[in-house]
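Reading the structure
Next come the chains, spelled out residue by residue.
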Amino acid sequence: MADARIDEHTGLYLSGGAAATESGDRQFRREAQFGRSALRLRRGVFTTTEHWGPLPPRQRHLAEIRAVVATRTRDPLISHQSAAAVWGIPLAEAWPSTVHVLAPPQSRARSKNGVTVHRIDVPDGDIVDIDGMLVTSPARTLLDLARTRSFATAVVAIDHALNQRSASPEVFLTDEVLREKLQESVSPRGWVKAERAIRFGRPNADNRVNRSVAWRSSSWASPIPCCRRAIATLAAASTSPTSSGRPIV
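The structure contained in this document is the topic of the report that follows. For clarity, every value in this text was computed on a predicted model and none was experimentally measured.

Along the chain, Asp25 turns up in helix H1 (residues 22-33). Within polar-contact distance, the side chain of Asp25 engages the side chain of Ser15 at 3.0 Å. For Asp25, the residues in contact, after removing those within four places along its chain, are Tyr13, Ser15, Gly16 and Ala20.

Encoded structure:
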């Protein structure tokens, strides 16, 4: 039976929140302190071990994202791997242990307390309000992943978004959209990595087929043998068999 103290939508208890009580706050702090039936996600944010235990990795990271959003004085802009979790975009790596957010270059925000801050300007068109959270758009999320994460992670994410059979309507896009978004980028950081991942992406990629592709050598890349089945196996490790792959809305 679900614990009536936690929000039925988020699975969280927010100390000092509208539905919180002084006795509830004390009870959650005590239960979390002694490792009983509660778990502290952030200061003032708790969940029950009964709710947390069966959650797959992506859902746990979503809970951590919600905990960060609930405790920040200003609405954070969720980005990178964390934005991928919100949009249901698979990764070829484990979900991160920290929540990734974007901040303006002049911001004094620092990476700490379970939050990784990336300081960069973000156009308004790259910001989406989804389920009460500010998140980078699917196209911006894919480019951020391609710029900063491994080639395998970028390809898995891009293949998913290009495939109308697997991507949700909100996430589905074409490589032309990604190329245009990349051309609009002001920062040159990771541009070559992103362009390479976009060029390698396939809208009809069938990860069940062992389709080995040799990445040809060039002045900036050494030969990289790449097998989509191997990449798919990595991606499967970071997602739940029960996950729909759709955004959380």
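We are not done yet, so read on.
Below, the discussion takes up helix H7 (residues 175-183). Given 3.6 residues per turn, any residue in an α-helix points the same way as the ones three and four places further on. Residues of H7 that are buried include every one of Leu178, Lys181 and Leu182, and no others. On an axial view of H7, the arc spanned by its buried residues comes to 100°, and they lie on one face. Opposite the buried face of H7, at more than 90 degrees from it, the exposed residues are Glu180 and Gln183. Residues of H7 that are buried sit in contact with helix H5 (138-148), helix H6 (151-162) and helix H8 (191-200).

Considering all chains together, one arrives at three aromatic pairs under this definition. Between the aromatic rings of Phe151 and Phe200, the centroid separation amounts to 5.3 Å while the plane-to-plane angle is 55°, which identifies the pairing as tilted. Placement of Phe151 in helix H6 and of Phe200 in helix H8 is noted, with a sequence separation of 49 residues between them. Aromatic rings pair up to connect Tyr13, Phe28 and Phe46 into one cluster. Across from the ring centre of Phe151, 4.6 Å away, lies the NZ or CZ of Arg196, which sits over that ring. Lying over the aromatic face of Phe200, Arg202 brings its terminal NZ or CZ to 5.9 Å of the ring centre.

To continue, consider the sheet that holds strand S1 (residues 13-14). The sheet built from three strands is open, its strands ordered S1-S3-S2 with antiparallel pairing. Unpaired on one side and paired on the other, S1 and strand S2 (38-42) mark the two borders of the sheet. Here four bridges tie S2 to strand S3 (residues 45-48), and the two strands are oriented antiparallel to one another. In the strand pairing of S3, Leu39 is matched with Thr47. Running at roughly 60° to S2, helix H3 (residues 57-71) makes contact with S1, S2 and S3 of the sheet.

Calculation notes
Residues numbered from 1 in each chain as written. Predicted model: local features only at pLDDT ≥ 70, side-chain atom pairs only at ≥ 80, totals over all residues. Heavy atoms only, no water. Helix = DSSP H or I, 4+ residues; strand = E, 2+ residues; numbered from the N terminus. Polar contact = N/O pair within 3.5 Å; in protein donor to acceptor, adjacent residues only side chain to side chain. Contact = heavy atoms within 4.5 Å. Buried < 20%, exposed > 50% of the residue type's maximum accessible area, 1.4 Å probe, protein only. Arc of directions from axis to C-beta. Phe/Tyr/Trp six-rings, centres within 6.5 Å; stacked < 30°, edge-to-face > 60°. Lys NZ or Arg CZ within 6 Å of the ring centre and 35° of its normal. Pairing = 2+ DSSP bridges. Axes fitted to C-alpha atoms, helices over the stretch in contact; angles between N-to-C directions.

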